[in-house]
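# Observations on the model geometry
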Amino acid sequence: MYTPPHALTDVSSYANIIVGIQGPPGSGKTTSALSFPNPVIALFERPDFRGVLQDLPHLKDVKPIVLPFYDADFILNKLKQPKSGDQFDSANAFVKWVQTESIKLTQEQTLVIDNWTRLQEQFDKVNWSAPLYPTYSRKGEIDDFAPWARKIDFAEAVSNALLQCKCNVVVIFHEVQEREQGTGRLLDKIQPLMQGKFVAKLKSYYPNFFRQRCIITPIKDKEGKIIDEKREYVWQTKGSLDFDAKCSWPNLPALIPATYQSLTFSPKQ
């Protein structure tokens, strides 16, 4: 049997986990991401997870490295990203960082993007403002499609850079549910929140794409009165009528606890 030069023969030793996690507000997406090994978390809004790290037993020893992409001083003075007009440009600062620095993270680490929605909002803030907009065609006419093309280019640049990482990668997404007025009937499958055409190919960059859910079970006393509730935070790893999932592990149950430890295969095993 012939083995081509430089081919990998021990795939598990080179494998990292790349997963997108979408879910509604309060479903515990950031908490679940922090359960991955040695998280390096790129934040696009000011964090508030000190209580989470103190109160949840499985996170008490977690000491995340935080990259504050929401902070103007970090962008302008630490990363030396110039302003775009009167805006500090955290989106393009991030794409430069992820193209040059994320490849240096090791297999023992996890890069967490929290979250994709806010990253896109930061890009939009600059993309639709001076001096980038308006863009003119060769005929001297305003090109109304240029901002959307730039948005696709930006999303592709970030996604391709994440695929080059040696470390684990977790990207957190908000989600959108299109429902019929009056009945509340779901009109389409639940999608990650993103404007533009790139949403149609977004999941192609992720070997794993889960939906995070919080399952609430009422706790009743002997008389049947609700006295408390039990909350379970889970990942939906299998597709359903309302969500298209992706999962690299065919033997995982459809719902698993939303922690890294629930994944039956990892570089540590």
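Cut-offs used in this document
- Residues numbered from 1 in each chain as written.
- Predicted model: local features only at pLDDT ≥ 70, side-chain atom pairs only at ≥ 80, totals over all residues.
- Heavy atoms only, no water.
- Helix = DSSP H or I, 4+ residues; strand = E, 2+ residues; numbered from the N terminus.
- Buried < 20%, exposed > 50% of the residue type's maximum accessible area, 1.4 Å probe, protein only.
- Contact = heavy atoms within 4.5 Å.
- Areas by Shrake-Rupley, 256 points an atom, 1.4 Å probe, with all protein chains shown as cover.
- Phe/Tyr/Trp six-rings, centres within 6.5 Å; stacked < 30°, edge-to-face > 60°.
- Pairing = 2+ DSSP bridges.
- Axes fitted to C-alpha atoms, helices over the stretch in contact; angles between N-to-C directions.
- 1 Å grid on protein atoms, 1.4 Å probe; cavity = no way out; pocket = protein on both sides within 12 Å on 5 of 7 lines; lining within 4 Å.
- Points joined across faces, edges and corners; volume = space filled by probe spheres on them.

## Some details on the overall build of the protein chain
Of the regular secondary structure elements, the protein chain holds 7 helices and 10 strands. A total of 269 residues make up the protein chain; the buried ones form 40% of that total. Of all intrachain contacts in the protein chain linking residues separated by at least 6 positions in sequence, the fraction that spans at least 24 positions is 63%. Taken as a whole, the protein chain presents about 15,200 Å² of accessible surface, with 54% of it coming from carbon and sulfur.

## Description of the packing of aromatic side chains
In the structure shown here, the tally under the stated rule is 14 aromatic pairs. With a centroid separation of 5.4 Å and an interplanar angle of 20°, the aromatic rings of F44 and F69 are classed as stacked. Here F44, found in the loop between β2 (39-43) and α3 (50-55), pairs with F69, found in the loop between β3 (65-68) and α4 (72-78); they are 25 residues apart in sequence, far enough to count as distant. We classify F44 as buried; its relative accessible area is 3%. Under the relative-accessibility criterion, F69 is labelled buried at 0%. With a centroid separation of 6.3 Å and 20° between ring planes, the pair formed by F94 and W97 is classed as stacked.

## Considering the sheet that holds strand β9 (residues 226-236)
Strand order in this open sheet of 8 strands is β3-β2-β4-β5-β1-β8-β9-β10, and the pairing throughout is mixed. Edge positions in the open sheet fall to β3 and β10 (255-257), since each of these has one partner strand only. The sheet shows a mean angle of 30° between the axes of neighbouring strands, taken without regard to direction. With 4 bridges connecting them, β2 and β3 associate as parallel partners. By the bridge assignment, L43 is partnered in β3 with P68.

## Section: the environment of A258
With respect to the helices and strands, A258 occurs in the segment after β10. When its relative accessible area of 6% is taken as the criterion, A258 is described as buried. Taking the C-alpha atoms as reference points, A258 and K29, separated by 229 residues in sequence, lie 8.3 Å from one another. Once residues within four sequence positions are removed from consideration, A258 is found in contact with S32, S35, Q212, Y233, V234 and W235.

## Examining empty space enclosed by the protein
Once rolled over the atoms, a probe with the size of a water molecule shows which space is left empty. This model, assessed by the stated rule, comprises 1 cavity of 30 Å³ or more. Of the pockets and cavities examined, the largest cavity occupies roughly 30 Å³.

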